[in-house]
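# Report on the structure
Spelled out from the first residue to the last, the chains are:
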Amino acid sequence: MTILLWILVFLGTFAAMEGMAWFTHKYIMHGLLWKLHKDHHHKDHSHWWERNDLFFIFYALVSIGFFLLWRYEDVWVGLPIGLGILAYGITYFTVHDIFIHQRFKMFRNANNFYAKGIRRAHKMHHKHLGKDDGECFGMLFVPFKYFKK
């Protein structure tokens, strides 16, 4: 197994997670499990934790599962897949929870082309308070129209 193959699996997993996040957000969070995601659109609590955070825990468990597969079953691909999911989770948390929603007061002054675009896209997503008629379910790759002034 070459390092290049390992890196390709890692990067492919990271990229595929954006598709998984989009799919999960559109069809699971705004569908079957809206009850868990609803508090992210309607703040019906006064605490830091949201029921919506359970989705983050789910993907953390999937990542851990791949680490265990690598460690105990000697399946080499488990490590780059597990790390790809973990890296996407860290990126998602940083962009969504810290940068956009300011759950921690960091990155407040980020004002470049990309930052403005993903902020606009997410703002349009949260404009829809119900589970239906939503738009822009992705996180890192959003439609180009949100980058226009």
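Before reading on, note that the structure itself is shown above.
Please read these numbers as outputs of a predicted model, since none were measured by experiment. (Residues numbered from 1 in each chain as written. Predicted model: local features only at pLDDT ≥ 70, side-chain atom pairs only at ≥ 80, totals over all residues. Heavy atoms only, no water.)

### Thoughts on the overall build of the protein
In terms of regular secondary structure, the protein is built from five helices and zero strands. Along the protein, helices and strands appear, N-terminal first, in the series α-α-α-α-α. Its C-alpha atoms put the protein at 45 × 35 × 30 Å along the principal axes. Taking all 149 residues of the protein together, 38% fall into the buried category. (Helix = DSSP H or I, 4+ residues; strand = E, 2+ residues; numbered from the N terminus. Buried < 20%, exposed > 50% of the residue type's maximum accessible area, 1.4 Å probe, protein only.)

### Examining the pattern of salt bridges
The tally for this structure, following the rule as stated, stands at two salt bridges. The shortest N-O distance in the salt bridge between Asp53 and Arg103 comes to 2.8 Å. Linking Asp53 in the loop between α2 (34–41) and α3 (54–73) with Arg103 in the loop between α4 (78–100) and α5 (113–127), this pair joins segments that are 50 residues apart in sequence. Both residues of the pair, Asp53 and Arg103, count as buried. Taking the shortest distance from any N to any O, the salt bridge between Arg103 and Asp97 comes out at 2.8 Å. Looking at Arg103, the relative accessible area reads 16%, which means it is buried. In this structure Asp97 comes out as buried when scored by relative accessible area, which is 7%. What you see here is one network of salt bridges that share partners, running through Asp53, Asp97 and Arg103. (Salt bridge = Lys/Arg side-chain N within 4 Å of Asp/Glu carboxyl O.)

### Things to note about the nonpolar core
Counting residues in hydrophobic clusters, the biggest one holds 19 residues, and the most contacted among them are Tyr88, Val95, Met139 and Val142. When residues of this core are traced back to their parent elements, those giving at least two are α1 (3–32), α4 and α5. Residues contacting Val142, with those up to four places away along its chain left out, are Gly117, Ile118, Ala121, Cys136 and Phe147. (Core = buried A, V, L, I, M, F, W, Y, C linked by side-chain atoms within 4.5 Å. Contact = heavy atoms within 4.5 Å.)

### Some remarks on a nonpolar patch on the surface
Together, Trp48, Trp49, Leu54, Phe56, Ile57, Leu61, Ile64, Leu68, Tyr72, Phe104, Met106 and Phe107 line one region of the surface with nonpolar side chains, adding up to about 1200 Å² of accessible area. Residue position: Ile64 is located in helix α3. Here Ile64 falls in the partly exposed class, since its relative accessible area comes to 42%. (Patch = residues over 30% accessible without salt bridge, like charges linked within 9 Å, V, L, I, M, F, W, Y side chains within 5 Å. Areas by Shrake-Rupley, 256 points an atom, 1.4 Å probe, with all protein chains shown as cover.)

### A word on the environment of Asp53
We classify Asp53 as buried; its relative accessible area is 10%. Along the primary structure Asp53 and Asp39 are separated by 14 residues, whereas in three dimensions their C-alpha atoms are 9.8 Å apart. Polar side-chain contacts of Asp53 include one of 2.8 Å to the side chain of Arg103. (Polar contact = N/O pair within 3.5 Å; in protein donor to acceptor, adjacent residues only side chain to side chain.)

### With respect to α5
Helix length check: α5, at 15 residues, gives a terminal C-alpha distance of 21 Å against a target of 21 Å (1.5 Å per residue), a fit within 8%. Along α5, the residues classified as buried are Ala115, Gly117, Ile118, Ala121, His122, His125 and His126. The buried residues of α5 occupy an angular sector of 165° when the element is viewed end-on, so they sit on one face. In α5, the exposed residues that point more than 90 degrees away from the buried face are Phe113 and Lys123. (Expected span 1.5 Å × (residues − 1). Arc of directions from axis to C-beta.)

### So, the packing of α1 against α4
Put simply, α1 and α4 touch, their axes get as near as 8 Å, and they point 45° apart. Here α4 runs oblique to α1, going by the angle between their axes. As for the relative orientation of α1 and α4, their crossing is right-handed in sense. Every residue of α4 that contacts α1 at Trp6, Val9, Phe10, Thr13, Phe14, Met17, Glu18 and Ala21 is listed here: Leu79, Pro80, Ile81, Leu83, Gly84, Ile85, Ala87, Tyr88 and Thr91. (Axes fitted to C-alpha atoms, helices over the stretch in contact; angles between N-to-C directions. Parallel < 35°, antiparallel > 145°, perpendicular 65-115°, else oblique. Left-handed = near helix turned anticlockwise from the far one by under 90°.)

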